[in-house]
Amino acid sequence: MNAYVQRVIENVKAKHASEPEFCQTIEEVLSSLSPVIDKHPEYEKVDLLGRIVEPERMFTFRVVWMDDAGNYHTNTGYRCQFNGAIGPYKGGLRFQKNVYPGIIKFLGFEQIFKNALTGLPIGGGKGGSDFDPYGKSDAEVMRFCQSFMTALYRYIGPDIDVPAGDMGVGGREIGYLFGQYRRLKGVWENGVLTGKGLSYGGSLIRPEATGYGAVYYLQEVLKHENDTIEGKKIAISGYGNVGWGIMKKAAQLGAAVTYFAGPDGYIHDPDGVVTEEKLNFILEMRAKDPMHCKPYADKYGCEFVPGEKCWGVKDVDIYMPAAMQNDVKMESAVKIAESGVKYYIEVANMPTTNDALDYLRKQKHMIVAPSKAVNAGGVGVSALEMAQNSERLVWSAEEVDEQLHRMMENIHRVSAEAAEEYGLGYDLVAGANIAGFKKVATAMFEQGAF
Ligand code: 2IT
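Residue positions are given per chain, counted from 1 along the sequence in the order it is written. Selection of residues for local features in this predicted model requires a pLDDT of at least 70, selection of side-chain atom pairs for listing and counting requires 80 or more, and totals for whole chains, interfaces and linings are taken over all residues. Side-chain figures throughout are based on the complete set of non-hydrogen atoms in the structure, without hydrogens or water.

## Some details on the overall build of the protein
Working definition: helices are DSSP H or I runs of at least four residues, strands are E runs of at least two. Numbering for both runs from the N terminus. When its secondary structure is counted, the protein shows 18 helices and 12 strands. Counting only C-alpha atoms, the protein reaches 60 × 55 × 45 Å along its principal axes. Within the protein, the fraction of its 450 residues that count as buried is 57%. Every residue pair with non-hydrogen atoms within 4.5 Å of one another is taken to be in contact. Within the protein, contacts between residues at least 6 apart in sequence are counted, and of these 73% link residues at least 24 apart. When a residue's accessible area, from a 1.4 Å probe over protein chains only, is under 20% of the maximum for its type it is buried; when over 50% it is exposed; and in between it is partly exposed.

Here it is as structure tokens:
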């Protein structure tokens, strides 16, 4: 490995030892960049890598809210404005009780190259809070969101930083956040958040975009292998917004999600989650109780395996981890490799530990695609939402879907070309890191040192 790359990785690991997720993403991404740094010694001269691993700005804030019984609670809010070289900071907010700086920084760093891959002018950022939305009433969520935005509003804006949703932040939360922003600022800046409701500046297809985009990317991989999506069986983890979008698009294209895993175990539906009724049932089940997917098995009489993940099942063609970070560890990776399944398409942010990812990438019979490319359609359509807002226009669902489709084809193509350029063959993981880096690095270099 390039000595400068190695040094930057070691520095990050020493400085951020208490933030393992951040160290993990830095090590994974930077090790792909070795050949690029070899070719561009000018980047070392201006310490471009030392700069890129340091957020431009990151802050915490106090969020105090009152529960329905009148008790006060205090949470920590975060926003990491990681890199604004190619556009306003852009990235979601995660509300989950395990949120701490290491999670926000890993997500923020992933967002930089992901956003660059969309081909649109958006920088990388992320935020959130250790607030646990589970079991909270609507009124409690509203009060929390209002308090959160009261602390954050002066640091964001359509040309500054544009938050969106992530885990624990969906349409409802974005509505409350947007309402409070508007109340505080007294202006209708409708590009300030994305994932908005359709009645106040949201984009058609945004809720489905991450899942749809993942399937469009998968189609490009299949095309590269002279294969097609028709008749393919898919095992996924997660059945949130993203997993649901995968199920729906797969069904439209003649494929089927036949396994899906939730927090309580996994479901095997040999017929696939392909009907309108089943897709709607998933939505209802999640709204009622996000922690259990067993009701699906009870309703449709299919197998439910409690406490297990579906990694290693043999009667599928494709794996798509779409739940959360570090979902697939070494033990699962070995089962996946032994199952003989060819396609491992990451969807959630950093769903695979570094050792497991290295192991899977070394399997000769497998093709591995990285989440920062595969899930980029979500933030890509967020950027399309910003474009519609600034034009004061609403594009049709067909138009947005068509642009999303083209975006995913392009992301796959530039990733494959970047890997090819550096003699790495069809390495989509390295290719995505290199293609994203090249755009951001060029912008940083041309803008001088800061
Ligand atoms: O991980 C992600 O890319 C997101 N949560 C979406 C971010 C966005 O700004 O739409």
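## Describing a nonpolar patch on the surface
Nonpolar side chains collect at one region of the surface, where Val64, Met66 and Tyr72 lie side by side and expose about 290 Å² of accessible area between them. Looking at the secondary structure, you find Val64 in strand 1 (residues 57–66). We classify Val64 as partly exposed; its relative accessible area is 35%. Excluding any residue in a salt bridge, patches collect residues exceeding 30% relative accessible area, merging like charges within 9 Å and nonpolar Val, Leu, Ile, Met, Phe, Trp and Tyr side chains within 5 Å. For accessible areas, the Shrake-Rupley method is used with a probe of radius 1.4 Å. Any residue's cover is judged against the shown protein chains and nothing else. Criterion for a salt bridge: a side-chain nitrogen of Lys or Arg within 4 Å of a carboxyl oxygen of Asp or Glu.

## Considering the pairing of strand 10 (residues 318–321)
Neither face of strand 10 is left uncovered, since the one carrying Ile318 and Met320 and the one carrying Tyr319 and Pro321 both have all their residues buried. We treat two strands as partners when DSSP finds at least two bridges between them. Here four bridges tie strand 6 (residues 233–237) to strand 10, and the two strands are oriented parallel to one another. Across the sheet, residue Ile236 finds its bridge partner in strand 10, namely Met320. By convention, orient the strands away from the viewer: a clockwise path from the first strand over the helix to the second makes the crossover right-handed. In terms of handedness, the path from strand 10 via helix 13 (residues 330–339) over to strand 11 (residues 343–345) forms a crossover that is right-handed.

## Thoughts on the pattern of salt bridges
Opposite charge on two side chains lets them pair, provided their charged atoms get close. In the structure shown here, the tally under the stated rule is 27 salt bridges. We note a salt bridge from Lys97 to Asp132, for which the minimum N-O separation is 3.9 Å. Note that Lys97 is positioned in the loop between strand 3 (89–95) and helix 6 (101–117) and Asp132 in the loop between strand 4 (123–129) and helix 7 (138–152), a separation of 35 residues in sequence. One salt bridge connects Arg413 with Glu417, and the closest N-O pair in it is separated by 3.4 Å. Placement of both Arg413 and Glu417 in helix 17 (residues 397–421) is noted, with a separation of four residues, approximately one turn of the helix. Where salt bridges share partners, they join Glu28, Glu110 and Lys372 into one cluster.

## Notes on the packing of aromatic side chains
Note on aromatic pairs: the rings of Phe, Tyr and Trp (six-membered ring only in Trp) are paired at centre separations within 6.5 Å, and the planes decide the class, stacked below 30 degrees, edge-to-face beyond 60, tilted for the rest. Summed over all chains, the structure comprises 25 aromatic pairs. Ring centres of Phe95 and Phe148 lie 5.2 Å apart, and the angle between their planes is 65°; on these two criteria the pair is classed as edge-to-face. Highlighted residues: Phe95 in strand 3 and Phe148 in helix 7, separated in sequence by 53 residues. Like Phe148, Phe95 is buried.

## Points about the sheet that holds strand 12 (residues 367–369)
Judged by pairing direction, the sheet is mixed, and its seven strands sit side by side in the order 9-8-7-6-10-11-12 without closing on themselves. The open sheet has two edge strands, strand 9 (303–306) and strand 12, and neither has a second partner. Here the average twist between neighbouring strands, direction ignored, is 15°. Lines fitted to C-alpha atoms define the axes here, with helix axes fitted over just the stretch in contact, and angles between the N-to-C directions of these axes take values from 0 to 180 degrees.

## A word on helix 9 (residues 206–224)
Every α-helix carries 3.6 residues per turn, so stepping three or four residues along brings you back to the same face. A rise of 1.5 Å per residue sets the reference length of helix 9, with its 19 residues, at 27 Å; its end C-alpha atoms lie 27 Å apart and thus fit the reference within 8%. Working definition for bend: take the seven residues up to and ending at a residue and the seven starting at it, fit an axis to each, and measure the angle between the axes. At Tyr212, helix 9 shows its maximal kink, close to 30°. Within helix 9, 15 of the 19 residues are buried, which leaves the element mostly enclosed by the surrounding structure. A positive backbone phi angle near 55° is found at Asn226, which sits one or two residues after helix 9. Multiplying one less than the number of residues by 1.5 Å gives the expected span of a helix.

## Examining the site of the ligand
If you check the shell around the ligand, you find 13 residues, and the closest are Lys90, Gln111, Lys114, Asp166 and Ser382. Contact between the ligand and Lys114: an oxygen atom at 2.7 Å from a side-chain N or O atom of the residue. Polar contacts here mean pairs of N or O atoms no more than 3.5 Å apart (in protein, one a potential hydrogen donor and the other a potential acceptor; neighbouring residues in sequence count only if both atoms are side-chain atoms). For the ligand, an oxygen atom lies 3.0 Å from a polar atom in the side chain of Arg206. Contact with the protein chains covers 93% of the free accessible surface of the ligand, which is 290 Å². Of all the secondary-structure elements, those providing two or more residues to the shell around the ligand are strand 3, helix 6, strand 5 (161–165) and helix 16 (376–391). Counted by class, the shell around the ligand contains two nonpolar, six polar and five charged residues. Near is defined per residue: the residue qualifies when any heavy atom it owns lies within 4 Å of the molecule or strand. The residue classification treats Ala, Val, Leu, Ile, Met, Phe, Trp, Tyr, Cys and Pro as nonpolar and Asp, Glu, Lys and Arg as charged. All others, Gly included, are polar.

## Side note on helix 13
Every buried residue of helix 13 is accounted for by Ser332, Ala333, Ile336, Ala337 and Ser339. In an axial view of helix 13, the angular spread of the buried residues amounts to 160°, which keeps them on one side of the axis. In helix 13, the exposed positions angled more than 90 degrees off the buried face are occupied by Glu331 and Glu338. Looking at the buried residues of helix 13, the elements they touch are strand 10, strand 11 and helix 14 (354–362). Two residues or fewer after helix 13 comes Gly340, characterised by a positive phi angle close to 85°. The arc in question is the one traced by the directions running from the helix axis out to the C-beta atoms.

## Concerning the sheet that holds strand 5
If you trace the five strands from one edge of the open sheet to the other, you get 1-2-4-3-5, paired in mixed fashion. Each edge of the sheet is formed by a strand with only one pairing partner; in this case those strands are strand 1 and strand 5. Ignoring strand direction, the axes of neighbouring strands in this sheet form an average angle of 20°. Pairing geometry for strand 3 and strand 5, over five bridges, is parallel. Following the sheet pairing, Lys90 is matched in strand 5 by Val162.

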